[in-house]
Amino acid sequence: MIKQIRTDQLKPGMYIHDLNCGWLDHPFISNAFHVRDQATVEKIYDLGIREVYIDTLKGADVWEARTQQEVSADLDRRLQEIAAKQPEKPVTAALKDEVARARRLHGEANKIVRNMMDDIRLGQQIQVERVEPLVEGMVDSIFRNQDALLPLARLKNHDDYTFEHSVSVCALLVAFGRGMKLSREVIKEIAIGGLLHDVGKAKIPDSILNKPAKLTDDEFARMQGHVAQGVVLLQATPGISKIALEVTGQHHERFDGTGYPRKLAGEKISLYGQMAAIVDVYDAISSERVYHKGMSPTQALKKLLEWSEHHFDPKLVQAFIRAIGIYPTGTLVQLDSKRLGVVIEQNEGNLLEPVVRVFYHGGQRHYIPPEIVDLAKVQDRIASFENYEKWNIDPYHWLPA
Ligand SMILES: [Fe+2]
């Protein structure tokens, strides 16, 4: 049986089924292994991991611990509760009108971030003036209709991951800030921070950044150094705001003080640093990459909720979930009618009944003529969220073009 236990309950003789730290490039060879000694337990604790899943058929048990099913059912219930109250997000542009603009912006943003990283590698300074108009364009697009840009940002081509991740974090932070009703000025600065949050990676050698094998402890430490490097780069940038600096400098801090580089805890981390940490983890675990199939967005939100026990402020995680929806746009879902489709638009005031483009019959396992179904207007409901990989469906193909 798979059970969730606290790391302080972990002992040699147990079998770890899942280290439960999707955001972390941890130095263990695998996520699942036998715990042979106390040193391993301590290493796991030192990494900031506070809960793991064990397999009680393969190792010792903790009898009072909750099963994975119990944890999952509890998280599902909490997600539904969060969906009951949500901020309104007025849409001022039809999805079909915004999609073309969002595609252009997304392509341009990836190019700009890539060029900027190349320039930094060559020793040049960051020029905020070059990213400002782009960020303003992204803020405008998300405010008009966030369902156009957000799903595009989730899809990644693996060799562009660092650039695409930066653009995605930027877009998600805008949606988050909008949901929190922050001022547009503040949102713009958070977004600039989001776009630049990983610039320090330009100073990490390629051999570490793209190493196909596990990092050594030393390489791991150097990788973590991207935060300090990023701060140095931003401090040398004329016109950079304090908010953007906080986003960059604090995006790996954790609410319980287990993050890096400064091990800040609770309110010592600025609101913007905390928002960046949530968004950074969400994007890292939910991105669809060529060789790394991400979690479905809903699954990723469940993980954030689980981790908000320790690593994030639960209230902020809830605000983030409300800002992007329980079934974020781009999520593959199966309906009660067994039809499968992609969520293409949120319904204002109703996170549980979005608009879905259906195109596949999950029971009969064949494609059906595509149809747009507004769940707020029909009897059908979402039965489950699904993985693209499981159904062998190409997500690029089914998003609005
Ligand atoms: Fe980072």
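Look above for the structure.
Here goes a summary of the coordinates provided. (Residues numbered from 1 in each chain as written. Predicted model: local features only at pLDDT ≥ 70, side-chain atom pairs only at ≥ 80, totals over all residues. Heavy atoms only, no water.)

## Quick word on helix α6 (residues 184–196)
Helix length check: α6 (13 residues) gives 18 Å between terminal C-alpha atoms against 18 Å at 1.5 Å per residue, within 8%. In terms of burial, α6 is a largely internal element, 11 of the 13 residues being buried. The set of residues buried in α6 consists of Val186, Ile187, Lys188, Glu189, Ile190, Ala191, Ile192, Gly193, Gly194, Leu195 and Leu196. Residues of α6 that are buried sit in contact with α3 (95–121), α4 (128–154), α5 (161–179), α9 (226–235), α10 (242–250) and α11 (271–286). (Helix = DSSP H or I, 4+ residues; strand = E, 2+ residues; numbered from the N terminus. Expected span 1.5 Å × (residues − 1). Buried < 20%, exposed > 50% of the residue type's maximum accessible area, 1.4 Å probe, protein only. Contact = heavy atoms within 4.5 Å.)

## What about the coordination of the iron ion?
Only Asp198 (OD), His226 (NE2), His251 (NE2) and His252 (NE2) from the protein coordinate the iron ion, and they sit 2.2 to 2.3 Å from it. On the accessibility criterion, His252 (11% relative accessible area) is buried. (Donors = N, O, S within 2.8 Å, 3.2 Å for Na, K, Ca; no water.)

## Some words on the sheet that holds strand β9 (residues 366–374)
Pairing within the open sheet is antiparallel, and its five strands lie in the order β9-β8-β7-β6-β10. Bordering the open sheet on either side are β9 and β10 (382–386), each of which pairs with just one other strand. Going across the sheet, the axis of each strand differs from the next one's by a mean of 40 degrees, ignoring polarity. Sheet topology places strand β6 (residues 332–335) next to β10; four bridges connect them, and they run antiparallel. Counterpart to Leu335 in the pairing with β10 is Ile382. (Pairing = 2+ DSSP bridges. Axes fitted to C-alpha atoms, helices over the stretch in contact; angles between N-to-C directions.)

## Describing unusual backbone geometry
Cis peptide bonds are those with omega within 30 degrees of zero, and the linkage from Tyr260 to Pro261 qualifies with 0 degrees. With respect to the element layout, Pro261 can be found in the loop between α10 and α11. The phi dihedral of Asn20 is positive, around 65 degrees, even though this residue is not glycine. Secondary-structure assignment places Asn20 in the loop between β2 (15–18) and β3 (33–34). If you check the backbone angles, Lys181 has positive phi at about 60 degrees while not being a glycine. Mapped onto the elements, Lys181 comes out in the loop between α5 and α6.

Just distances and angles here, no functional claims.
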